[in-house]
Amino acid sequence: MDIKETINKKFKERFGEEGTLFASAGRINLIGEHTDYNGGFVFPGAIDKVIMAEIRPNGIDKVRVFSIDINDYAEFGLNEENAPEQSWARYIFGVCREIIKRGGSVKGFDAVFAGNVPLGAGLSSSAALESCFAFALNDLFNGNAIDKFELARIGQSTEHNYCGVNCGIMDQFASVFGKKDHLMRLDCRSMEYEYFPFHPEGHKLVLVDSVVKHELADSPYNKRRASCERVAKRLGVETLRDATMEMLNAAKSDITAEDYLRAKFVIEEKQRVLDVCDALVAGDYETVGARMYETHHGLSKDYEVSCEELDFLNDIARECGVTGSRIMGGGFGGCTINLVKDELYDHFIAEAKARFNERYGHEPKIYDVIISDGARRVEK
Ligand code: ADP
Ligand code: MG
């Protein structure tokens, strides 16, 4: 049974009738890492792994919702300020509250949902969940009057205010704006965005999840951010978005070696995103892949947010002749994203599994992804 049928069956069982189906996707970020808080570019796309929900207004003042994957039920009133106990339900509660806070309308509804976005693997299942409900409630109760950016912000505010995650806007943006066969360059300073064609014929996009997460004591993200801010201040620019390597090199003697490396990565990464956009327009996937390897190298050696396991996966990719490979996400664990020629795919996956298992005692998880549409209504 596919996910649609499973949801539909459960909905009928629980609520006796049929509702409308909505879906929203997880996301990848091809390139542009640690650039968002430096006013730079990110380059995400929505994928074919989704959260799907069947929803129906119920005419009462309550939200009643069942999670198939967690096999759990929650209900809450629309005038309640107290979030439900279950953490999964807080995402839905938060979306309702955030719509209401903005003057939008939410009435009582019944919902059943399920998904195939892996949880906590860096594909942003939480943004998919928020975006699915934000899109659906906009459609069902607001005549789609809330614009797409606001839908993304509703998801982001949900994370901030109800889930304790102080995230940026990229995940929700990608989940809401995603378009089949397109990646999006989002300018994190102006919030302008542009679609670029992504037709990697002859290649697959595959995530290799190390399933490790190193918890570090000394808050590495805050330290990276502080380095970037210090260098920007020294160079007299608002963020490193406005800095060049010439400016950085001219100030080299005034900043620490560590701050220099951090800023160098950010400045080079901005250019790499722009290069990848040009390469995609030209259909030049070799250059796309080369920039991905450079990003990995920079994240590992200059920004120092890699770890042994991710460097090992990157080395295997290179040895197998994979076109492009890099850490995806914040670092210190999680996934690599890989652009792999079809004919090399089986060999690469077999090597990655066997060699990783031999060294670390478990196999990485493999997720093939296809760039797909983001939030949408789904026909039955
Ligand atoms: P991710 O990197 O995947 O976004 P998060 O920890 O931010 O990881 O979000 C995962 C949380 O989102 C889960 O713990 C759960 O509360 C909720 N969630 C995601 N997908 C589902 C699902 N299919 N069913 C129920 N809850 C989900
Ligand atoms: Mg998340």
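None of these values were measured; they are calculated from a predicted model.

Which residues make up the packing of aromatic side chains, and what values go with them?
Scanning the model with the defined rule gives 21 aromatic pairs in all. A centroid spacing of 4.7 Å and a plane angle of 25° characterise the contact between Phe 173 and Phe 177, whose relative ring orientation is stacked. You can see Phe 173 and its partner Phe 177 sitting in helix 5 (residues 170-177), four residues apart, about one turn around the helix. Like Phe 173, the residue Phe 177 is buried in the burial classification. Through successive ring pairs, a cluster of aromatic residues spans Trp 88, Phe 109, Phe 113, Phe 133 and Phe 141. Sitting over the face of the ring of Phe 41, Arg 185 holds its NZ or CZ atom 5.3 Å from the ring centroid. The ring of Phe 312 carries Arg 359 above its face, with NZ or CZ at 4.0 Å from the centroid.

Before we move on, could you go through the sheet that holds strand 4 (residues 62-67) and cite the residues and values that matter?
One open sheet accounts for six strands, arranged 5-4-6-3-1-13; its pairing is mixed. The open sheet has two free edges, formed respectively by strand 5 (72-77) and strand 13 (376-378), since each of these has just one partner strand. Shown here is a sheet whose adjacent strand axes are inclined to one another by a mean of 30°, direction ignored. Bridge count between strand 4 and strand 6 (residues 109-115): five bridges; the pairing is parallel. In the sheet register, Val 65 faces strand 6, and the bridge partner there is Ala 111. Each of strand 4, strand 5 and strand 6 touches helix 2 (residues 87-101); the most contacted strand, strand 5, lies at about 30° to it. Running at roughly 130° to strand 1 (residues 20-29), helix 5 makes contact with strand 1 and strand 3 (44-57) of the sheet.

Can you explain the layout of surface pockets? Please cite residues and give values.
If you add up the space inside the second largest pocket, you get close to 230 Å³. Lining the second largest pocket, in full, are Asp 181, Phe 198, His 199, Pro 200, Glu 201, His 203, Lys 204, Leu 205, Asp 368, Val 369, Ile 370 and Ile 371. Elements represented by at least two residues in the lining of the second largest pocket include exactly strand 9 (203-213) and strand 12 (365-369). The dominant element in the lining of the second largest pocket, judged by the number of residues it contributes, is strand 9, at three residues. In the lining of the second largest pocket, the residues fall into six nonpolar, two polar and four charged.

Quick rundown of the sheet that holds strand 10 (residues 324-328)? Include the residues and the values.
In spatial order, the strands read 10-11-9-12; together these four strands make up an open sheet with antiparallel pairing. Of all the strands in the sheet, the pair left with one neighbour each is strand 10 and strand 12. Shown here is a sheet whose adjacent strand axes are inclined to one another by a mean of 25°, direction ignored. As judged from the five bridges shared by strand 10 and strand 11 (residues 333-341), these two strands associate in the antiparallel manner. Bridge pairing in strand 11 places Met 328 opposite Cys 335. Of the strands in this sheet, strand 9, strand 10 and strand 11 are in contact with helix 10 (residues 308-319), which crosses strand 11 at around 5°. Each of strand 9, strand 11 and strand 12 is contacted by helix 11 (residues 342-360), which is oriented at about 150° to strand 11, the strand it contacts most.

Let's hear about the site of ligand 1: which residues, and what values?
Not every one of the 16 residues close to ligand 1 is listed here, only the nearest: Asp 69, Trp 88, Gly 120, Ser 125 and Ser 126. Between ligand 1 and Asp 69, the relevant distance is 2.8 Å, taken from a nitrogen atom to a side-chain nitrogen or oxygen of the residue. The separation between an oxygen atom of ligand 1 and a polar main-chain atom of Gly 120 is 2.8 Å. Notes on ligand 1: free accessible area 570 Å², of which the protein chains cover 80%.

Tell me about unusual backbone geometry, and name the residues and values.
Backbone geometry at Ser 124 places phi at a positive 65°, although glycine is not the residue there. As for its placement among the helices and strands, Ser 124 is situated in the loop between strand 6 and helix 3 (125-142). Here Ser 124 falls in the buried class, since its relative accessible area comes to 10%. For Phe 332, which is not a glycine, the phi torsion comes out positive at approximately 60°. Examined against the element boundaries, Phe 332 turns out to sit in the loop between strand 10 and strand 11.

Thresholds applied
- Counting restarts for each chain, with residues numbered from 1 along the sequence as it is written.
- Labels are handed out in written order, letters beginning with A for the chains and numbers beginning with 1 for the ligands.
- Where local features are concerned, this predicted model is filtered to residues with pLDDT of at least 70; where side-chain atom pairs are given and counted, the filter is 80 or more; whole-chain, interface and lining totals use all residues.
- The basis for every side-chain value is the complete set of non-hydrogen atoms in the structure, without hydrogens or water.
- Note on aromatic contacts: the rings of Phe and Tyr and the six-membered ring of Trp form a pair at centre separations within 6.5 Å, being stacked when their planes are under 30 degrees apart, edge-to-face when over 60 apart, and tilted otherwise.
- Each helix corresponds to a stretch of at least 4 residues labelled H or I by DSSP, and each strand to a stretch of at least 2 residues labelled E; elements are numbered beginning at the N terminus.
- To sort residues, take the accessible area from a 1.4 Å probe on protein chains only and compare it with the maximum for the residue type: under 20% means buried, over 50% means exposed, and anything in between is partly exposed.
- Either the NZ atom of lysine or the CZ atom of arginine qualifies as a charge over a ring when it sits within 6 Å of the ring centre and within 35 degrees of the ring normal.
- If DSSP finds at least two bridges between two strands, the strands pair.
- To get an axis, fit a line to the C-alpha atoms, keeping to the stretch in contact for a helix; angles then go from 0 to 180 degrees between the N-to-C directions.
- The contact definition used throughout considers only heavy atoms, calling two residues in contact when any of these lie within 4.5 Å.
- In this analysis, the protein atoms alone were mapped onto a 1 Å grid. Cavities are point sets where a 1.4 Å probe fits without being able to get out; pockets are open sets with protein on both sides within 12 Å along at least five of seven lines; lining residues have an atom within 4 Å of a point.
- Grid points are joined across faces, edges and corners, and a volume is the space filled by probe spheres set on the points.
- Note that Gly is not counted as nonpolar here; it falls among the polar residues with everything else outside the nonpolar set of Ala, Val, Leu, Ile, Met, Phe, Trp, Tyr, Cys and Pro and the charged set of Asp, Glu, Lys and Arg.
- Near residues are defined by distance, with any heavy atom within 4 Å of the molecule or strand qualifying the residue.
- Counting of polar contacts relies on pairs of N or O atoms within 3.5 Å, with two restrictions inside protein: one atom must be capable of donating a hydrogen and the other of accepting it, and residues adjacent in sequence are counted only when both atoms are side-chain atoms.
- Computed with the Shrake-Rupley method and a 1.4 Å probe, the accessible areas treat only the protein chains shown as cover for residues.

Worth remembering: the numbers are spatial, not functional.
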